[in-house]
Amino acid sequence: MGGGPRTFAGGLSKWQHKRMHEKLARGKERGLLRHEKQLYLARLRSEIRASHLPGAPASPADHAGPTSSRAHIRALADRFLRPGAEDLWNDDDGPLRRARLPSQQKNAARTLPSGARMVDWKRVESGERPKPPRGGGDWKDWEELDSGEPRAGRGAGNEQPRLPAAFSQRRGYGTVAPWWWQWSPGSGTPSQRKEASFGFFGLKRCYSAMPPLSPRQESGAALMPLGVRQLSEAGGGTKGTPPALFYAQERLYSGAAPRRFGQKWRPDSSDEDEEVMPPAKRDLRLAKFVASREDESEDDEVGETSAIRRKWSSAALRNCDMKRDRRPLKSYEEESDDITGRIQELREEIRNREVLGAERRRYESRGESVFTNKRFDECGISPLTVKALTDAGYIHTTVVQEAALPICLEGKDVLVKAKTGTGKSVAFLLPAIESVLNAMKSHTNHRVSPIFALVLCPTRELAVQVTAEANVLVKYHHGVGVQSLIGGTRFKLDQRRLESDPCQILVATPGRLLDHIENRSSFSVRLMGLKLLVLDEADHLLDLGFRKDIEKIADSLPRQRQTLLFSATIPKEVRRVSQMVLNKDHVFVDTVGLGAVETPTKVQQQYLVVPHELHFHMVHRLLREHIDQEVDYKVIVFCTTAMVTEFMYIMLRDLKLNVREIHSRKPQLYRTRISEEFRDSNRLILVTSDVSTRGVNYPDVTLVIQAGVPPGREHYIHRLGRTGREGKSGKGILLIAPWEEYFLNEIHDLPIEKAPVPQIDQEMKQKVDDSIKIVDMSIKEAAYHAWLGYYNSIADVSRDKVMLADLASRFGVSIGMEKPPTLYRKTALKMGLKGVPGIRIRK
Ligand SMILES: Nc1ncnc2c1ncn2[C@@H]1O[C@H](COP(=O)(O)OP(=O)(O)OP(=O)(O)O)[C@@H](O)[C@H]1O
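Residues numbered from 1 in each chain as written. Predicted model: local features only at pLDDT ≥ 70, side-chain atom pairs only at ≥ 80, totals over all residues. Heavy atoms only, no water.

The protein chain goes by ATP-dependent RNA helicase in an unreviewed UniProt entry, where it is assigned to Hordeum vulgare subsp. vulgare. The UniProt entry for the protein chain carries the following comment under Catalytic activity (unreviewed entry): "ATP + H2O = ADP + phosphate + H(+)". UniProt, in the comment section headed Sequence similarities (unreviewed entry), describes the protein chain in these words: "Belongs to the DEAD box helicase family." (UniProt positions renumbered as here; feature names shortened; annotations may be inferred.)

Engineer: Sorry, what's going on with the pairing of strand 10 (residues 453-456) here?
Structural biologist: Taken residue by residue, a regular strand's side chains alternate between the two faces of the sheet. Every second residue of strand 10 is oriented toward a common face, with A453 and V455 on one face and L454 and L456 on the other, all of them buried. Where strand 10 and strand 13 (residues 532-536) come together, four bridges link them in parallel fashion. Its bridge partner lying in strand 13, V455 is registered against V534. When strand 10 meets strand 12 (residues 505-508), the two strands line up parallel, connected through four bridges. Bridge pairing in strand 12 links V455 to V507. (Buried < 20%, exposed > 50% of the residue type's maximum accessible area, 1.4 Å probe, protein only. Helix = DSSP H or I, 4+ residues; strand = E, 2+ residues; numbered from the N terminus. Pairing = 2+ DSSP bridges.)

Engineer: Would you explain the pattern of salt bridges in this entry?
Structural biologist: For side chains bearing opposite charge, pairing can occur when the charged atoms are close. One pass over the full model with this rule turns up 23 salt bridges. Note that R375 and D377 form a salt bridge whose closest N and O atoms lie 3.0 Å from each other. On the basis of relative accessible area, D377 is assigned to the partly exposed category, the value being 45%. K666 is the salt-bridge partner of E661, the closest N and O atoms lying 3.4 Å from each other. (Salt bridge = Lys/Arg side-chain N within 4 Å of Asp/Glu carboxyl O.)

Engineer: I keep staring at the site of the ligand and nothing clicks. Help me out?
Structural biologist: Close to the ligand lie 21 residues, the nearest being Y394, Q401, K424, S425 and N697. Within the contact set of the ligand, an oxygen atom lies 3.2 Å away from a backbone nitrogen or oxygen of G423. In the complex, 94% of the free accessible area of the ligand, which totals 640 Å², lies under the protein chains. Breaking the shell around the ligand down by element, the ones donating at least two residues are strand 8 (396-398), helix 18 (424-442) and helix 19 (460-473). Split into classes, the residues belonging to the shell around the ligand amount to three nonpolar, eleven polar and seven charged. Residue contributions to the shell around the ligand reach at least three from each of two domains, namely domain 1 (336-590) and domain 2 (603-775). (Near = heavy atom within 4 Å. Polar contact = N/O pair within 3.5 Å; in protein donor to acceptor, adjacent residues only side chain to side chain. Areas by Shrake-Rupley, 256 points an atom, 1.4 Å probe, with all protein chains shown as cover. Nonpolar A, V, L, I, M, F, W, Y, C, P; charged D, E, K, R; others polar. Domains from an automatic or database assignment.)

Engineer: Looking at this structure, how should I read the sheet that holds strand 20 (residues 703-707)?
Structural biologist: Strands in a sheet are paired, the pairing made by backbone hydrogen bonds, and the direction either parallel or antiparallel. As summarised here, the arrangement of the seven strands in space is 18-19-17-20-21-16-22, forming an open sheet in which the pairing is parallel. Strands at the two margins of the open sheet, each flanked by one partner only, are strand 18 (659-662) and strand 22 (752-754). Within this sheet the neighbouring strands show an average axis-to-axis angle of 20°, counted without direction. Across four bridges, the pairing between strand 17 (residues 634-638) and strand 20 is parallel. Looking across to strand 20, one finds that F638 is bridged to Q706. The sheet contacts of helix 28 (residues 668-680) involve strand 17, strand 18 and strand 19 (684-688), and relative to strand 18 the element is tilted by about 135°. (Axes fitted to C-alpha atoms, helices over the stretch in contact; angles between N-to-C directions. Contact = heavy atoms within 4.5 Å.)

Engineer: Could you clarify how one ought to interpret the packing of helix 19 against helix 28 in this entry?
Structural biologist: Each pair of packed helices gets described by two things: the angle between the helix axes and the distance between those axes. Packing of helix 19 against helix 28 leaves a shortest axis separation of 10 Å and a crossing angle of 60°. The orientation of helix 19 with respect to helix 28, classified from their angle, is oblique. Two packed elements cross with a definite hand, and for helix 19 against helix 28 that hand is right-handed. Here R460, E461, V464 and Q465 of helix 19 come into contact with helix 28, specifically with Q668, R671, T672, S675 and R679. (Parallel < 35°, antiparallel > 145°, perpendicular 65-115°, else oblique. Left-handed = near helix turned anticlockwise from the far one by under 90°.)

Engineer: I would appreciate a short explanation of empty space enclosed by the protein in the present structure.
Structural biologist: Gaps between atoms show up when a probe of the same size as a water molecule is rolled over them. Evaluation of the coordinates by the stated rule reveals ten cavities of 30 Å³ or more. When its volume is computed, the second largest cavity comes out at roughly 110 Å³. Broken down by secondary-structure element, the contributors of at least two residues to the lining of the second largest cavity are helix 26 (615-629), helix 27 (642-654) and helix 31 (777-792). In terms of residue class, the lining of the second largest cavity is made up of eight nonpolar, four polar and no charged. When residues of the lining of the second largest cavity are sorted by domain, at least three fall in each of domain 2 (603-775) and domain 3 (776-842). (1 Å grid on protein atoms, 1.4 Å probe; cavity = no way out; pocket = protein on both sides within 12 Å on 5 of 7 lines; lining within 4 Å. Points joined across faces, edges and corners; volume = space filled by probe spheres on them.)

Engineer: What exactly am I supposed to notice about the packing of aromatic side chains here?
Structural biologist: Aromatic ring pairs are defined here through the distance separating the ring centres and the angle between the ring planes. The tally for this structure, following the rule as stated, stands at ten aromatic pairs. With 5.3 Å between their ring centres and 65° between their planes, F428 and F566 make a pair best called edge-to-face. One end of the pair, F428, is in helix 18; the other, F566, is in strand 14 (residues 562-567), with 138 residues separating them in the sequence. In this pair, the class of F428 matches that of F566, namely buried. (Phe/Tyr/Trp six-rings, centres within 6.5 Å; stacked < 30°, edge-to-face > 60°.)

Engineer: Before we go on, may I ask you to explain the packing of helix 26 against helix 27 in this structure?
Structural biologist: Direction vectors running N to C along helix 26 and helix 27 enclose 55°, while the axes themselves pass 11 Å from each other. One element, helix 26, and the other, helix 27, form an angle in the oblique class. Note that helix 26 runs across helix 27; the crossing there is right-handed. Every residue of helix 27 that contacts helix 26 at F616, V619, H620 and L623 is listed here: V644, F647, M648, M651 and L652. When grouped by side-chain class, the residues that make up the contact of helix 26 with helix 27 number eight nonpolar, one polar and no charged.

Here it is as C-alpha cells:
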C-alpha cells in the first residue's frame, strides 16, 4: 500500500507526469487515426473506381463479411468516431460547424420524409409525399435543438433536450458532422424524442453516397461536402440506381456518439467538464435520454446505475445495447416472413435444449465421467487436427466438447458453462482452428496474414497454457501459427515476434493486447480480419475489473465475427452483461445444469474454523498431515493477497517443506518457470494468490487449501477446481476465522462439511513461531497492509471499521509485529480508516 512515488523523473509531479503521458497517448491515437484515415480514403477511391469498371456489380456492398471492402470502410470509419478523431476532420469531410440552417435550406430538409432519408429511400424515389414525423413530433424540435435554446412548456421532461444542446455548445460536438453522418429527425413519442435529442450528437451514420435527390432536395445538397457529392455522382446519381456505396441500414448511435465524443465528459473526465453538473446526476440524465422504451423494462430489473453503465459502456460491443436500427414499417409479407423465421428459431432452440438435456442426463447417469462415447473423428473437424489430438491421447470428447462443438462449428455465438477441469480449452480451440482454416482458404494474398482467432484469458499463466495447448493441436497444420501476448514481457520483442512469425491464432491477456492495439496501427489492421473471439473465464473478463478493457478491445474488432464465452461459473449478472459481446441469437450451453452442484463431485470439501492467529500454524499442520498420508502429494495453498503469499512461502520454506510461490509480485519469467515446474512434478507445494485461481491446469493436484475467505463464491469454485480435474478425485479445505463464517452462506448449496480442528502441539507451534520470526520486517509490514486492503474491500468485513482495524492488529501480532505499521494519511483516508482506533498514521 503506498500510492506510488510522489515525484517522477525530471522532477515532475504525479499530475504533470500523468498529463504528460495522457498527451503522449493522445498523440499516438491521432497518429493511428491519421494512418487509418488514409486507408479509409484509399479504400473509398478504389470502391469508386471499381463501380466504374465494366461488369461491376450493381451494388458492391453485396459482398458482406468482415473483410469485404464495405465492412473495411465501415470499420475504418468507426475509428473516426473515437475521441481525438475530430482533430483530423477537414473541410472535405464536411462542415465542421454548421450554422443555423438558412430558411431555404431548412425547407429543403423538411421535404425529406421522416425516417425515409437513408433507409426507405424507395419511397423517396417513388415520389411519395413526405409525412410529418410520427407521434406529433415536429421539425421545430430540431431547430431548437440545433440552436441550443431550451424549448418552453415541455413539462416534466423539459430539461432533457437542453442537455445535448448545452453539451454541444460546451464541447462544440453537437454541430460537428463529418459527411458520413446525418442528423436523425426522430419523432414525437417520448422515447423517440429522446432518440431525436440524442440525434443531435450526430446520430445517423452513413458511409454512403446519398440516395438520389429530388431537385428540391438538391438545394440541400449544396450543404454536402465535396466528397459526398463526388460519391453521389460516381455512385450512380441517376434515379433508381443505388449509389455505389449505399449503405442500406441506418443506425441510431443513440449512446455511441455521446460515449465517444463526449468521452471527456464522463465521470473520469477533465475538470472543465466536471463543472457542468455532478457526475451522478449527469449520467442519470443522459441515461434517461438514451433509454428507449425497450430498455426501460430491462432497467427495472437491473437497476438504474447498471443500466447507465451499460448504456455508456458498450458502444462497439455488438448492437445489443446502444445501437438501435431504425426499421421502416414492415409490409404484411415481411411480417409473416418474420414470424416464420421466429418459429424456426424457437424450434431450433427447443431442439438444442433437448439435445443438451439428453446430454446432461447421459452425463449424470454415467456418474461424473467427463468423457463421452463420441470420438473426435466424428466431429467434423479437420483430419490433421484429429491426428494431433490422437497424438496427444485425446480420442473421445468430454461432455462439454460434445455439447459445444457442433454449435460452435455452425458458426453460432455460444455461452458455455461447464465444470472445472472438463476440457473447455479444447472445446473452444477446435472451432478456433476450424475457423482459421476456413479463413485461410479465402485469404491467400496477404503479405502479413490477418489474425483470425483471438483468445482472451484473464491471467498470464492461463494464456501461456492455452497457447501451449493450441500449439499441440495445430501441430500438423503447417503455416498456422499460434502466439501469445502477455504482460511482463518486452513489448518490442512481442512486436518483432508478431511481425516475423506466423500468427493466425493469438492468445492474449487484455492489458497487453490493448497496448498493442493502441500503439501499433498495423496490428489493429491485422485484427480487422478477425473471425472468432473467445473469452476464456468469461465471467471474470466481464467483471468490472476487466470490462473496460474488453469493451475497448471489442471496439477494435470487426462486428461480424463469432464469439465464444466459456467459464465454469456464470452468475446471473454476467449472463446479462454477456449480451454485450454475444449476438442476440447466441446459444447457452450449460453442461452443469440448473440447481446441480457446480463443483466436481469427486472432490471432498471441508472447512475449518480456527482463530486467525493460528492460521499459519494450521496450514503447516494440515500440510504435514497430508504429506504423511499421500506419497505423491501435490498441494496448492491459496492466500488472500500477494504479500501474504510471500510471507507464507518464506515461513513454509523455513519449515523445510518442498514449496514454491507464484503471485503477481514475481517477475513473469519466474512465474512461468515455477508454473511449468509445478505442472510437471509431484511432492511439491505451491503457495499462490488469485493469479492461479482460474483455468490453470496442474494435473493430479491432491489437495487445495484456501487460507482465509476468497473474494466470492466463484473464486471458491475455481480455486477448488484446481483439484479433481478430468473426473479424478481430490480434496479441498477452506480455513476461516470465526468472523469469516459469513462466507459459508455464499456456498451453502455446495457439499462442504465442517471438519474437526486438528490439535497443534506446543512443539509444532514453537517451530512455526520461530519461522515467523525470521521473516523480514518489510515483508511483514507489506503483508499487514495488503491484508488490511483485502478485507477492507470485502463489504461484509469492512462495514465495521473499528472491528477491521482490531482484526488487522491481531493479524499483525500473529505475524510477529508488536504494533501495527503506519499507513500514509492519504491511504487511510481512501480506505475510510482515518481516525479509526488502532490505525496508525505516518507522520
Ligand atoms: N477429450 C479429451 N481427452 C483427454 N483429455 C482431455 C480432453 N479434453 C481435455 N483434456 C485434458 O483435460 C484437462 C483439463 O482441461 P482444461 O484445462 O481445458 O479444463 P477446463 O474445463 O478449461 O478447466 P478450468 O475450468 O479450470 O479452466 C487438460 O489436461 C486437458 O489436456
